[in-house]
Amino acid sequence: MARVDIQADPTNLAGGMPLPDSPTVAVATGRQRLVAGLRSLGVLPTIGLVVVLLLVVVAVFAPLIAPFDATAPASIDTLAGPSGAHWFGTDMYGRDVLSRVIVGAQVSMVVGFAVTIGSLVIGGLLGLVAGFVGGLVDRILGQLTDVLLAVPGILLAIAIVAMLGSGIRNVCIALTIGQIPLMLRVVRSATLSISQRPMVRAARAIGARPSRVLLRHIAPYVWGTAVVQCTFTFAHAILYEAGLSFLGIGVQPPEPTWGNMVSEARAFIGSQPWNAIFPGLAIVVVVLAINLVGDGLRDLADPESRGRGR
Amino acid sequence: MLTGDLGQSVRSLQPVTSVLGERLPVTGLLAIGATLLTIVVAVPLGILAAVRKRKFADRALLVTSALSLAVPSFFLGILLLIAFAVNLRWFPVYGYKQLGEGVWPSIQGIALPVVALAVPQTAVVARMTRASMLEVLSQDYVVTARATGLSRLRVYYRHALKNALIPIVTVVGLNFGALLGGTVIIEQVFNFPGLGTLLINSVNARDYSIIQGIVLLFGAAYIVINLSVDIVYAYLDPRVRYGQS
Amino acid sequence: MTATVDTPLLTVEDLRVSFAYGGRPVEVVHGVDLSVGVGESVGIVGESGSGKSVTGRAIMGILPTPPARTTAKRMEIAGQDLRGGGVPEAGDGHQGQPIAMIFQNPFTALNPVFRVGSTLTEALVKRRGMSRSDATAEAVRLLDRVRIPNAKSRIRNYPHEFSGGMQQRIVIALALALEPRLLIADEPTTALDVTVQAEILELLREIQTERTMGMIFISHALGVVAEVVSRVNVMYAGRIVESGPVGSVYDDPKHPYTQALLLAAPKVGQFRTRTFGIPGSPPDPSSPPPGCAFHPRCALATDVCRDTVPDVRPRLAGGSGTASCHHAGESLVAEGATR
Ligand SMILES: Nc1ncnc2c1ncn2[C@@H]1O[C@H](COP(=O)(O)OP(=O)(O)O)[C@@H](O)[C@H]1O
Ligand SMILES: [Mg+2]
């Protein structure tokens, strides 16, 4: 989904102004730095960050945390509502929905990280090159980007999965291909605007090696923009994976994912709506948390507020 | 391919174009309905938020739009079904069956999928409208209009909105792709036999010529919509109409 | 252009404007007194940020409230109270509007998406109660009056199809469409070329005389103000620090700020070709200095200036005009220089 750049609303920050990188911060202890960093991030983004980190922990230790087996059918008590034994109820095979939601976090996190890293590396590098080199390379990449972006994201993913086959690896590949053009665009335009700065132009003019200019003078500034885009990529990846799994062409049952859980629960919304609601809410919570982090980072990376610190 | 011949479906052996043609009206209806609903709801909401900046309406819009961008469309569709079809029974579970059985049943039948499609669009367009209106309201010509003694409503809706619409139209156009993507999922949720359902069936049947046809069709629709956006631009902004002279 | 102060058109007493963005309100206009006679032209001069535009907009009733808050002991035009806020309506069954305003930047003052004719006729229909066809005819007449060539066909053009000077003429026509008794012109020539400036000033003078219209002419350029007004108010940091007939204020400035302004600008009557400026900068309204606001930049400042705000006192015994300075009349030039 395209995102709109809305004006940074200072009331969102709650924690106040972003901190300039002043010497006091530089010599502060690790803990003080963390506190200062979080304060400049603001309350809501910090909550988002905590939620995301918690989910990563849940995903890593899922088998240990999950109270029941997530995949083996347990014939008694099918389609039960929330109870003391089964907080989120049970599904049509009598499996514990909470356990399945916990294990399902694994797929979401793996896909989220894989797609984010993949599109950051590929899209980020291509974007740097396109913005820095310009000319024919830039034009070709620009046109490829335009073509890919003319096809709705979910449709592109479906078409690629249709060619490659379903399964978590192919889902990651398909979603990465869809996210690369967005990352490329963002990094390219940041590179372009930074290349115009007098400092960079001077470095190029006195004959510094292009690789050095790119790494020393451009990459550190593009990095902030790229990280913000990464949060959106992460959210997109989770939403699209859930969508593909819901459509039955992503990660296949019995391996639980939030998307295929909602899909399986769809037939029973008349008798047991909770089966669909819990995995769906899990998606909402993660995506909301990531978006909050992204908005917070974007406010921090805003060139105007950053300029004040220098 | 370039002549408009997309080949044959390997499964039904019908020409791809005619298979797509059969399904197009359903998807078109959903997409157009959702676009209209989006505009009708999002633009006034965005204006309200801009005019009442930092007040309750503004905050409420910010929170709900952030929330609705985090809800996957299939989940939103299912929540709507649970609430309004299963529990309240205001709308049918299989809405498609009611299409063409009179005006009211048709509207009832299509309402839930259209709403599910429109919600995330509304969030984006309302935020854009807010940002765009805020920008325009600080312009000198708005002050001139106020100094001419024109009423607030007239200044907002006639003088400011026409300028603010320019970026809004862009966002509606750019988001049309996302909307088409949304139909694929929403058709599945609500069992509408449109292009999205056809697509998923074709993926499962490995009917590649159909898949290719749908991808091309959606890509073409996106391009056509964005060309129309350029035409609307020219209508809205006289500086575009005559070129930068 | 000659003063008839004994029949006041506009009277403003103790006008105060503050802005509040959530926190403590910041007052930027601190008790301004102003009067304009029927058909009289009065100037407000001062550096950028001294509160001239805010004063003009407060009288016009177009400050955004909130954040702005306007209070005054008296603020009335021809007996009509302006303190209710909002753009004043014409009283007793008259059409139009008692006050109209024109702005600094003609390039942004007209709505780019409307034909200039449509902007004019809208005002005529809505504010003068004309029919559409009458309004169109009147719009052509107004454009003719402000010397837009081929007004009849130009009425169908968009603002960007006119030069800056032409756009300012159209803005003036829009103001005239309201048949105002007072025109507030906020730096109407600042954004224009020197030759175009002269034409616009000439046009404003003509119209003002022909309609016996009062005018408040705001500018940071002393020379420009001297061309069009009979009385001048010098504004600094939200206060009128000196006022009086333009000739005597310019020939014999009593306030050190006025003296500094005159020193910093070329001779009266010439257009400024170079900007000299006064050393230092005006105070930040959110943390004004104690005492006289000008004291940090004033070569004559003494202890009393640092802790007491000077009263408004007559410039000359028995003469008209005021000056608010503990050292009014002492000459800055005699002291050697500004700091
Ligand atoms: N909308 C506003 N909100 C807050 N402060 C304002 C606003 N408009 C003007 N000010 C402040 O009021 C003071 C006077 O501004 P202004 O009247 O525009 O000065 P000028 O004499 O240049 O016309 C300035 O300090 C300015 O920052
Ligand atoms: Mg001003």
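Rules used in this analysis
- Residues numbered from 1 in each chain as written.
- Chains lettered and ligands numbered in written order.
- Predicted model: local features only at pLDDT ≥ 70, side-chain atom pairs only at ≥ 80, totals over all residues.
- Heavy atoms only, no water.
- Helix = DSSP H or I, 4+ residues; strand = E, 2+ residues; numbered from the N terminus.
- Contact = heavy atoms within 4.5 Å.
- Areas by Shrake-Rupley, 256 points an atom, 1.4 Å probe, with all protein chains shown as cover.
- Phe/Tyr/Trp six-rings, centres within 6.5 Å; stacked < 30°, edge-to-face > 60°.
- Lys NZ or Arg CZ within 6 Å of the ring centre and 35° of its normal.
- Axes fitted to C-alpha atoms, helices over the stretch in contact; angles between N-to-C directions.
- Left-handed = near helix turned anticlockwise from the far one by under 90°.
- Nonpolar A, V, L, I, M, F, W, Y, C, P; charged D, E, K, R; others polar.
- Buried area = accessible area lost by both parts, 1.4 Å probe.
- Salt bridge = Lys/Arg side-chain N within 4 Å of Asp/Glu carboxyl O.
- Pairing = 2+ DSSP bridges.
- Patch = residues over 30% accessible without salt bridge, like charges linked within 9 Å, V, L, I, M, F, W, Y side chains within 5 Å.
- Buried < 20%, exposed > 50% of the residue type's maximum accessible area, 1.4 Å probe, protein only.
- Core = buried A, V, L, I, M, F, W, Y, C linked by side-chain atoms within 4.5 Å.
- Expected span 1.5 Å × (residues − 1).
- Polar contact = N/O pair within 3.5 Å; in protein donor to acceptor, adjacent residues only side chain to side chain.
- Near = heavy atom within 4 Å.
- Bend = angle between axes of the 7 residues up to and from the residue.
- Disulfide = S-S within 2.5 Å.
- pLDDT = per-residue confidence, 0-100.

### Some remarks on the overall build of chain C
Within chain C, the regular secondary structure consists of twelve helices and 13 strands. If you take every contact in chain C between residues at least 6 apart in sequence, the share linking residues at least 24 apart comes to 65%. For chain C, the exposed surface amounts to about 14100 Å²; the carbon and sulfur share of it is 51%.

### Quick look at the packing of aromatic side chains
What characterises a pair of aromatic rings is the spacing of the ring centres plus the angle enclosed by the ring planes. The final tally for this structure, using the stated rule, is eight aromatic pairs over all chains. One aromatic cluster in this structure is built from B:Phe84, B:Trp90 and B:Phe91. Positioned over the ring face of A:Tyr221 is A:Arg197, at 5.0 Å from the centre of the ring. Between B:Arg158 and the ring centre of C:Phe114, over which it is positioned, the NZ or CZ distance is 4.3 Å.

### Examining the packing of helix α6 (residues 97–133) of chain A against helix α11 (residues 210–246) of chain A
Residues and elements named next belong to chain A. Running from N to C, α6 and α11 point in directions that differ by 145 degrees, and their axes come no closer than 7 Å. Here α6 runs over α11; the crossing is right-handed. A class-by-class count of the residues in the contact of α6 with α11 yields 19 nonpolar, five polar and one charged.

### As for the interface of chain B and chain C
At the junction of the two partners, chain B supplies 21 residues and chain C supplies 26 residues. Taken as a group, B:Thr144, B:Ala147 and B:Thr148 account for 21% of the area that chain B buries against chain C, more than any other trio of residues on that side. Counting the contacts that link chain B with chain C gives two salt bridges. C:Glu122 serves as the salt-bridge partner of B:Arg158, at 3.0 Å between the closest nitrogen and oxygen. Counting only elements with at least two residues in the side of chain B that touches chain C, the list comes to α5 (140–147), α6 (152–190) and α9 (238–241) of chain B. The element best represented in the side of chain B that touches chain C is α5(B), accounting for six residues. Residues belonging to the side of chain B that touches chain C are distributed by class as follows: seven nonpolar, six polar and eight charged.

### Let's talk about the sheet that holds strand β8 (residues 182–186) of chain C
Residues and elements named next belong to chain C. Taken in spatial order, the eight strands of this open sheet run β7-β8-β9-β3-β10-β11-β13-β12, and their pairing is mixed. Taken across any chain shown, the strands that pair with only one partner, and hence form the sheet edges, are β7 (99–102) and β12 (313–314). Set on the sheet, helix α7 (residues 194–211) makes contact with β3 (41–45), β7, β8 and β9 (214–219); between it and β9 the angle comes to about 160 degrees.

### Regarding unusual backbone geometry
A cis amide bond links A:Pro253 to the next residue, A:Pro254, at an omega of 10 degrees. Phi at C:Ala237 is positive, roughly 50 degrees, even though this residue is not glycine. Turning to its location among the elements, C:Ala237 is positioned in the loop between β10 (231–236) and β11 (239–245).

### Quick word on a nonpolar patch on the surface
All names here are of chain A. A cluster of nonpolar residues, Phe 113, Ile 117, Val 121, Ile 122, Leu 125 and Leu 126, forms a patch on the protein surface that exposes about 520 Å² of accessible area. If you trace the backbone, Phe 113 turns up in helix α6. You can call Phe 113 partly exposed: its relative accessible area is 38%.

### Notes on the environment of C:Ala175
All names here are of chain C. Inspection of the secondary structure puts Ala 175 in helix α6 (residues 164–176). We classify Ala 175 as buried; its relative accessible area is 4%. With 136 residues separating them in the primary sequence, Ala 175 and Asp 311 have C-alpha atoms 37 Å apart.

### A look at the nonpolar core
A:Ile158, A:Leu244, A:Trp258, B:Phe74 and B:Ile214 are the most contacted members of the largest nonpolar core, which totals 95 residues. The element best represented in this core is helix α13 (residues 274–301) of chain A, accounting for ten residues. Counting residues in hydrophobic clusters, the runner-up holds 69 residues, among them C:Ala139, C:Leu204, C:Val224 and C:Ala237.

### Observations concerning helix α3 (residues 73–87) of chain B
Under the 1.5 Å per step criterion, the end-to-end length of α3(B) is 20 Å for 15 residues, consistent within 8% with the ideal 21 Å. All of the buried residues in α3(B) are B:Ser73, B:Phe74, B:Phe75, B:Leu76, B:Gly77, B:Ile78, B:Leu80, B:Leu81, B:Ile82, B:Ala85 and B:Val86.

### Overview of the interface of chain A and chain B
Counting from both sides, the interface comprises 40 residues of chain A and, opposite them, 41 residues of chain B. Taking both sides of the interface into account, the surface hidden between chain A and chain B amounts to around 3700 Å²; carbon and sulfur atoms contribute 78%. Between chain A and chain B we count zero salt bridges in total. Viewed at the interface, chain B and chain A are joined by two residue pairs in polar contact (both at pLDDT 80 or more). Mapped by element, the contributors of at least two residues to the side of chain A that touches chain B are α1 (10–13), α7 (135–150), α8 (153–164), α11, α12 (258–265) and α13 of chain A. Per-element accounting of the side of chain A that touches chain B gives the leading share, nine residues, to α13(A). Each residue belonging to the side of chain A that touches chain B can be placed in one class, and the counts come to 30 nonpolar, eight polar and two charged.

### So, the site of ligand 1
Residue and element names in this part refer to chain C. Phe 19, Tyr 21, Val 28, Glu 47, Ser 48, Gly 49, Ser 50, Gly 51, Lys 52, Ser 53, Val 54 and Pro 285 make up every residue found near ligand 1. Between Gly 51 and ligand 1, the recorded distance is 3.0 Å, taken from a backbone N or O atom to an oxygen atom. A distance of 2.6 Å separates an oxygen atom of ligand 1 from a polar side-chain atom of Ser 53. Protein contact buries 68% of the 560 Å² of open area that ligand 1 shows by itself. Here the shell around ligand 1 gets three residues from one element, more than from any other, and that element is helix α1 (residues 52–60).

### Observations regarding helix α4 (residues 103–137) of chain B
Residues and elements named next belong to chain B. Taking 1.5 Å per residue, 35 residues should reach 51 Å; α4 reaches only 40 Å between its end C-alpha atoms and comes up short. The largest bend along α4 measures about 40 degrees and falls at Ala 111, with the proline Pro 113 one to four residues further on. Counting buried residues along α4, 27 of its 35 residues qualify, which places the element largely inside the surrounding structure.

### Describing the arrangement of the chains
The top pair by number of contacts, from a total of two pairs of chains in contact, is chains A and B. At no point do chain A and chain C touch; the closest pair of C-alpha atoms across them sits 11 Å apart.

### Looking at the environment of C:Glu202
Residue and element names in this part refer to chain C. Tracing the chain through its elements places Glu 202 in helix α7. With relative accessibility at 34%, the residue Glu 202 sits in the partly exposed group. Expressed as a C-alpha distance, the spacing of Glu 202 and Val 228, which sit 26 residues apart in the sequence, is 8.4 Å.

### Points about the state of the cysteines
If you walk through the whole model with that rule in mind, you get zero disulfides over all chains. You can see A:Cys230 has no disulfide; the closest cysteine sulfur is in A:Cys172, sitting 15 Å from it. Exposure remark for A:Cys230: the relative accessible area of 11% places this residue in the buried category. For C:Cys325, which is in no disulfide, the shortest distance to another cysteine sulfur is to C:Cys298 and amounts to 6.1 Å. Since its relative accessible area comes to 6%, C:Cys325 is described here as buried.

### Focus: the pairing of strand β2 (residues 26–37) of chain C
All names here are of chain C. Relative to β2, strand β1 (residues 8–19) runs antiparallel, the two sharing nine bridges. Each bridged residue has a counterpart across the sheet, and for Ser 18 the counterpart in β2 is Glu 27. Connecting the antiparallel pair β1 and β2 is a turn made up of six residues, with Gly 22 showing a positive phi of about 80 degrees.

### A short note on the confidence of the model for chain C
Residue and element names in this part refer to chain C. Overall, the prediction assigns chain C a mean pLDDT of 84, with 90% of residues at 70 or greater. Residue range residues 1–5 is modelled with pLDDT below 50. Its contacts to residues more than four positions away, or to other chains, number 15 contacts. Scoring the predicted complex yields pTM 0.80 and, for the interface, ipTM 0.86.

### Observations concerning the pattern of salt bridges
Under the defined criterion, the tally for this structure stands at 29 salt bridges over all chains. With a shortest N-O distance of 2.7 Å, A:Asp146 and A:Arg185 are connected by a salt bridge. A residue pair is termed long-range when its members are at least 10 positions apart, and A:Asp146 in helix α7 and A:Arg185 in helix α9 (residues 168–195) qualify at 39 residues. One salt bridge in this structure joins C:Arg74 and C:Glu76, with 2.9 Å as the shortest N-O distance.

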